[in-house]
Structures are given as structure tokens and as C-alpha cells.
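Below are the chains, spelled out letter by letter.
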Amino acid sequence: MRKCHNKPLVSKHVRRISLQYFEIVQEKPDKMNTKVKLKEVYEVKQQYKAFYTGGTIVWKPDAQQFLCLNNGTISIVSVDNLHEPVALGEQETDGEIAEDVIYTFAVSNTGNSIVSGHRSGLLKLWDGEKHTVQKMWKTVHQGPISRLVFSPTDSVIASGGSDSTIRLWDPTEQVCLGTLRGAEGLINVIVFHPDADSKIVVAVGDDTKIRAWDYESRKQIKTFEGHFSRVTGVSFSEDRTHLVSAGRDKILILWNFESQQAVKTIPVYETLESVVVLPAGLRVGGIKLKKGKVYAACGGEEGLIKVWEMTGAKIIFKQSNSLVAKAAEEGGLAITHLFYSEPHGRMAVVSADHNILVHDCESFDYVHQLSGFSDEILDLILFGKRDQHLAMATNSSDFKVYDVSTMNCRLVKGHTDIVLSLCANDRYLLSSSKDNSIRLWSFTEEPFTISCVAIGLKHTNTVGCVTLSRQGGNFCASVSQDRCLKTWKIPKKFTTEEDGELPRLQCSLTALAHEKDINCVTISPNDRLIATASQDKTAKLWDASDLSVVGVFRGHTRGIWAVRFSPVDQILLTNAADCTIKLWSLEDMTCLKTLEGHDSSVLRVEFLTNGMQLLSAGADGLVKLWSIKTSDCVQTLDKHDNRVWALCVTRDESVFYSGGSDSQLIQWHDVTESKRQQELDQRKDTLLQEQELSNLLSERKLLKALRLSLNLDRPLSTLKIVNEVIRTKEQGLEDTVRKLSNDHKERLLRHAIEWNTNSKNCRPAQLALNVLLQETLAGRFQVSELNKHLEASLPYTERHFKRLTEYVKDLKFVEYSLRCMQPHAARMD
């Protein structure tokens, strides 16, 4: 522990405010008197990692699973997100590049087979149920494979490469059936004709032409020219007589497949990435699709799904509840993939943010929402009854809300720039963003709904942190890079403006709080104090009623990242980029303790166990559990690979969540009690076994005692037993050792090597080694690191052998001397 002796700045209101703060402790004396058990061990309960990082994604025919490309592997994810994703292939990490990463893949129409294209030039055929490789073969593409597709009957696989060719493969024989040439550049789209008898495949390269081949004769039979930029999607009509194509030239074209003529060209005024022809009779958003017409659903840079009636060139449905943000710049990506499942009447959208959204076509409501990749996790909060919901802020203008029991995701849209901070109480959720605003959200529990009820717009720069009052919930506070601290009044009821705009939060107080960016703000448990932390290396205490300065805390040598009030004591906590955590007294503003242990900036700290322990997270990727009384680090958790920005703890403190720059959300649970019970049970078992060992020794049952002594791992007891066996010349030692388990034999070997270091114990040691080496030669004993064990015992064995050799020499000399003396002794007699 290190004391700080910096002279604090203290106002005349300190004593009054401190006493008011302490009232909150006196209100709940029962909590103070309850004996609190300290936490000692946390373990990982669940790790939620990225399962889709961009590239190929496939919706299985049964609509129950998505197969996603994830850093060179395939992740199989259930739509309801109830099962942990299954990974196929070798993971590629930053440290080393796997030689056999997957570039693209395809799923058969039955869903029973998966084919993957690898960096090594191999194609691998996987069993869709067992997830094992059935077959593999070498492709002859010059360069990487960009597209893989199964034919309607799954009897042919088409592969498109960067060498402008399409090759056809028989998956049962792994032979190339032919090569289709004529396309230019990288093959972007491959589509088989839906009729299995037609033997036609359609493909698109980097040019603007759509080409069709007869893959049996390997001749190009059709060419469709009409696009002016790259074609991104092709889909056949239900009657197979028409073809719909979409491209980045912002047009949809309806083609007559036989005549190769453009029947209708529709300007859509947005870059399109995917198009799907919908069947007649389907109801989309309450509108029934009529027979005899071609309907195409498309998605692109606007982030909306639109359904066009192609012959009439009109939009019959336009999505109004999209959670996909519009592309930031013209020609950018918003929607990257669009899928339709005919058996279930559902449509799936994949966004450029790697979110997967499943709609029910009839109502077009969201059925499932999956987040494939969270990027950097900036903040986490638990809210709702029994902490049922987890809100997560990432590098996105939308934040995510998870149901912690199922981890089903819900995207919450509202901000126009990255959300940086979140806070919640029993009624509201508050968020802040780089768009210089804060938003207040109202939520309901069952069913879960969340909606924005008010917005605050008084800041002139990025709002870095927000906090809600603890008791009344009638005000909130925010800090920004404009160096201002603001408090906002929260009314009991909100009324929507006449023009439909959200009501504005009224800013009640403003103070120019710090000289540099303010990183954190928090409100005391009794709502009478506000604390702020800044990059100017100071933390400040404010009176919440008028934002007058109560005190300034100086002592950190780098910027302060966060500040927290103790839940029960008059203590303030600060953590900073100088790798330290400091505890300050609210009575006299002095530093009580400094905790050191992190090797990098301490980014977040939370109180635990009624303010008796701390949980800290650092830029070194470590999460540490501290005891305040002893200033010791009780446990270090090192599952994160990068900075840990966020921590949130459940109300009963049995579980906490951590998230950071490695995109991992980790759920930890307290196993202190179970570990204590496990140790207690183990101790009881040990005591019982020790008593049994004592009984066996007293009853002279040496060979039975040997097994028990090895089980307890007692070298001295085992030595005494072996010595007693040698002394009494008891038979059966070799048979007893032979019947031991491999672990017990290895334990006996370690004991024998330890005995062998002392010349007094060389006989039992050599006896045990002799028996064990015979067991090894007979193949009944497999020992790990045998060479290491032998090297440790050989020098001592050689020394014992040399000593015994010298002893035998001396003995023979004495015996020789006695024999020589015998005739002389007889004469003397």
C-alpha cells in the first residue's frame, strides 16, 4: 500500500455533503450487519466470439442454420442462437497464417454436404451432419476460388476462380467434368438453371455481361448485355422464362431467357448487391403477389428491402422498419446478401455490419436477429428485472440488446454515429454517441420492447459518458469532449411533438468542468454528488443541486479513465492510464490507498462485495479481482486478447460480463463456494484415506497400503512401506506394482527418483526402478518424459554403483586377509 500526500482542494460544503452522502448507508443497516463472504474465484461460463466476419454466407434449406465465413473457417450457427457455433477448418490468427484457410464454400440443396475452397488449392467435401471431411481433391484453377455452387441435383459442383474460368466437378469421383471459358476477370456470380434437365449454368465475371453455358457440351449458348457496371445478382423467375439481374449501375433488368432481350429496365437509384425472385401467392407485408407476374426483392446501399413488380416497373412493397443503416457514402455497402426460404415464408438480410436479420414475409416483422461480429465492445450494462437484458455498445451507431438467457440479439437504431456509453435504471436506458447527442429510451419487460422517448442536443462535441440518478431517476448527467458537464431533467411523462419529432430533454445545469476531455461521470447512491474524471489527470466532485465544486482529487500522473462511488462507504475510486487504482476519502479528499498490478492503463473498475472488493480491467487484456483490506490481487483472469473496455456485474454479483477490443463478450461466474466445498470434500477424503492407511500399516497389510500411499502421493510413507517389504522379505511386490494404474506407476517412479538422491535409500529406490523399467520394457507402463526421468536418476545410480563396487572390493580384501591369516593363527594355537 502506498499513501498519497497531495494537498487536496476542499470547499466549505464538504462536511455537509459527506454527511448527506452517508445517509444512504444509514437507511439500510441490515446490509451492513450481514456477514459478507468475499469472492475468491471466477471462471469462464461462456465466451461469445465472432461467427461471421464477412464473405460467403449460406442459409441452409431447412432455414434452421446459417453457415458463415469466419476468419478462414466456417461457423455453423443456429437461427435461434441457442447452440454454440460449430467451426469447420483451421482458424487464422494475427500471429500466424494458417496454410489451409477457407476462401469460399457452398451447401448442397439437401443440406447434407458442404464443399469448401481453400488457400492451398484444395476442394474439401464435408459431411453436413458429422462435420468431418469425406473427400478432398486438388483444383486446377490458377489462383484462388471465388465461388462454389451445387447443381439442383447435387451431382455437379461448379467452381469459379480468379483465372476467369468455371470448372465443373463430380463430387463422387472428384474428377473435372469440364471447363467453361469466356468470362472476364474474377467470377462473381454462378447460378444453375433451376430445371435439372436443362444442363445450363449462368455466370458473371468482372465485366458487365451475363453468360450462359451448356455445361455438358461446354459451349457458351447465351449472352445478356445491358448493364453498365458490375452485375451482383441473378435470379430465375418461377416459370423459368425470365431472368432478373441487379448491379452496381443502379438498375434492375428483366430478361427474356430465350431471346436474350431486356424486357424491362428499371432505374432503382441505389447500388444493389442482391436480388431474389419471389413466388406468386406469397404475402409480403400484407400484399399478395399475383400470378403471371414477376416479383423481385432487392437490397442495396439504402438498407431497405424493396419488392418490385418487374413488368409494371413499380414498387409494391418498401420496408419501413429496417435496422440496417444506410451506406455512409454513395455506392457503399449496407445490405450484402438477401435470402428467401420458401418452406417457411421467411426472408433473411445480411448487413455490411455483419448482422443477420430474419423477417416473416407476411408481416415483415423481425423473427430473429443475430450479430455476427461486434467489432470493439465499448460499454456493457445489465438492466431489467433479475438483470434479464444486456445492452452492448460497439463501433456502430446501433447498440445491441441481448436476452441473457437465450443470447438472442435485438438491434436498437436511433443514433447517427458510434454509441460510446450506456446507462440504465428500472425505468429508462440512456445512451450517448459521437453524434453529440444523448437519447433516453423507455423499455418494457414482457414482451421486450424499447423505444426512444427523448433526445438531448446541447453538447457541441462527442458525448463520451452518461449516467442516471440512482434513487428518483428524475435527472441524468453527461460529459463531453467539449469539456462540459451537463445535468438533464427527466420529466414523469413525455409527449410527442406535433410534427412527430422526439421531445427534447431540458438541460438544467452546465459547468465547464475540466481542462481536457472528460472520460467518465457518475452519480452517488443518494443522488447528491456527481464525480467526473478527465484526461487532465484530475477527478472532481460536484454538488448535484447547483454543480458547485466540492473537491478536486489530484495524484494520478496520467489521464483518469473512470470514477466510481463506493456503494456503502464515503469513498471515491479512480483508475487511470498510470496503471494504478486510487481510493479517496470523501470526508477530507485524501488518498487512502493506491493499488498497483496492471502493466497498462486501467480502463474500468467496479466495486464488489459491499465495497470490500474491486474488479478491474486493463489495456493489458487482464481482469483482476482485488481485496481492498489487504490491497492484494486475489485473482487474475486472462481470457481477453486485447484492451478490456467494459465490465458489468449482476445485482447478486454471481456473474459479471467483460468485453473489449478483441470483440469477445465473456460471461464469468463466481465459483468460490463450489471451490470451497470441493476443497472441503477433498480434505475429508484425504483424512479418511490417511486413517485407512494408518490402519493398514498397523495391520501389516503392506501391499494394500502401498496402493493407498501412492494415491495420497506420500513419498515418505511409500518409502517406509517398501523398506518394510524388503526387511520382512514379503513376496508379491512385483505383482502389486504390475496391477497399479499407469498414474500410480508414474507416481512411484517420481518417488523412486527422489529416494535415489539419498544413499541411505538407494536399495528401495533401485528395487522400485528395476520393477518399473521391466514394466516399461514389457509395454505395460507408458511414462511421459522417460528420458528426463532417466537422466535425473542415472548420475545417482552410477554413484551408488561405484560406492557398492568399492565396498565389494574392500570386503574381498578383508576376506583375503582373513584367509591368509588362518595358517599363522593355527600355529600360534
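Throughout, residues of each chain are indexed from 1 in the direction in which the sequence is written. Reporting of local features is limited, given that this is a predicted model, to residues whose pLDDT is at least 70; pairs of side-chain atoms are given and counted only at 80 or more, and all residues count toward the totals for whole chains, interfaces and linings. Only hydrogens and water are removed before side-chain values are computed, so all heavy atoms of the structure are retained for them.

Peer 1: Is there a simple way to think about the packing of helix α7 (residues 742–755) against helix α8 (residues 762–777) in this case?
Peer 2: If you want to describe how two helices pack, look at the angle between their axes and the distance between the axes. Put simply, α7 and α8 touch, their axes get as near as 9 Å, and they point 145° apart. Along this stretch, α7 crosses α8, giving a crossing that reads as left-handed. For the pair α7 and α8, contact is made by Lys745, Leu748, Leu749, Ala752, Ile753 and Trp755 and by Pro764, Ala765, Ala768, Leu769, Leu772 and Glu775, respectively. Residues were grouped as follows: Ala, Val, Leu, Ile, Met, Phe, Trp, Tyr, Cys and Pro as nonpolar; Asp, Glu, Lys and Arg as charged; and all remaining residues, including Gly, as polar. Class assignment of the residues belonging to the contact of α7 with α8 gives a composition of 10 nonpolar, no polar and two charged. Only the stretch in contact is used when fitting a helix axis, every axis being a line fitted to C-alpha atoms; angles between N-to-C directions are given from 0 to 180 degrees. To qualify as a helix, a DSSP run of H or I must reach at least 4 residues; to qualify as a strand, a run of E must reach at least 2; elements of each kind are numbered from the N terminus. Helix crossings fall into two classes, left-handed where the near helix is turned counterclockwise from the far one by less than a right angle and right-handed where it is turned clockwise. Note on contacts: a residue pair is in contact if any heavy atoms of the two residues lie within 4.5 Å.

Peer 1: When you look at the UniProt feature "repeat: WD" (unreviewed entry) in the protein in this model, what are you seeing that I'm missing?
Peer 2: Within this structure's numbering, the places UniProt gives as "repeat: WD" (unreviewed entry) are residues 138–170, 180–223, 224–265, 412–451, 511–552, 553–594, 595–636 and 637–668. Each end of residues 224–265 is marked by a C-alpha atom, and these two atoms are 13 Å apart; helix forms 0% of the span and strand 57%. UniProt positions are given in the numbering used here, feature names are shortened, and annotations may be inferred rather than shown by experiment.

Peer 1: I'm lost on the packing of aromatic side chains in this one. Help?
Peer 2: Two descriptors summarise a pair of aromatic rings, namely the distance from one centre to the other and the angle between the planes of the rings. Pairing of aromatic side chains here covers Phe, Tyr and the six-membered ring of Trp, requires ring centres within 6.5 Å, and sorts the geometry by plane angle: under 30 degrees stacked, over 60 edge-to-face, intermediate tilted. A full pass over the atoms with the stated rule returns 15 aromatic pairs. Ring centres of Phe383 and Phe448 lie 6.2 Å apart, and the angle between their planes is 50°; on these two criteria the pair is classed as tilted. Placement of the pair is Phe383 in strand β33 (residues 377–383) and Phe448 in the loop between β39 (438–444) and β40 (449–456), with a sequence separation of 65 residues. Comparing Phe383 with Phe448, the two get one shared label, buried. Following the ring pairs from residue to residue traces out a cluster consisting of Phe224, Phe236, Trp255 and Phe257. Only when the NZ atom of a Lys or the CZ atom of an Arg is both within 6 Å of the ring centre and within 35 degrees of the ring normal do we say a charge sits over the ring. Positioned over the ring face of Phe257 is Lys222, at 5.2 Å from the centre of the ring. Relative accessibility decides the category of a residue: with a 1.4 Å probe and only protein chains considered, values under 20% of the type maximum give buried, values over 50% give exposed, and everything between is partly exposed.

Peer 1: Where do I start with helix α5 (residues 715–728) in this structure?
Peer 2: An α-helical segment advances 3.6 residues per turn. Residues three or four places apart therefore align on the same side. Given a helix with a known number of residues, its expected span is that number minus one, times 1.5 Å. Taking 1.5 Å per residue, 14 residues should reach 20 Å; α5 reaches 20 Å between its end C-alpha atoms and fits that length. Buried within α5 are the following residues: Thr718, Leu719, Ile721, Val722, Glu724, Val725 and Ile726.

Peer 1: Please clarify how the sheet that holds strand β6 (residues 86–88) should be interpreted in this entry.
Peer 2: Either a parallel or an antiparallel arrangement is found when strands of a sheet pair, and the pairing is made through backbone hydrogen bonds. One open sheet accounts for four strands, arranged β3-β4-β5-β6; its pairing is antiparallel. For this open sheet the edge positions go to β3 (57–59) and β6, each flanked by a neighbour on one side alone. Each neighbouring strand pair of the sheet contributes to a mean axis angle of 20°, computed without reference to strand direction. Here three bridges tie β3 to strand β4 (residues 65–70), and the two strands are oriented antiparallel to one another. Across the sheet, residue Trp59 finds its bridge partner in β4, namely Phe66. By the convention used here, strands pair only if DSSP detects at least 2 bridges between them.

Peer 1: Is there a simple way to explain the packing of α5 against α7 in this structure?
Peer 2: The contact between α5 and α7 brings their axes to 10 Å, and the two run at 80°. Between α5 and α7, the interaxial angle falls into the category roughly perpendicular. Contacts between α5 and α7 involve Pro715, Thr718, Leu719 and Val722 from the first element and Leu748, His751, Glu754 and Trp755 from the second. The class makeup of the residues in the contact of α5 with α7 is five nonpolar, two polar and one charged. Angles are sorted into four bins: roughly parallel if under 35 degrees, roughly antiparallel if over 145, roughly perpendicular if 65 to 115, and oblique for all others.

Peer 1: Would you mind showing me how to read the environment of Gln782 here?
Peer 2: Inspection of the secondary structure puts Gln782 in the loop between α8 and α9 (786–828). As for Gln782 and Asp743, which are separated by 39 residues in sequence, their C-alpha atoms are 9.4 Å apart. Contacts of Gln782, omitting those with residues within four sequence positions, involve Asn742 and Glu746.

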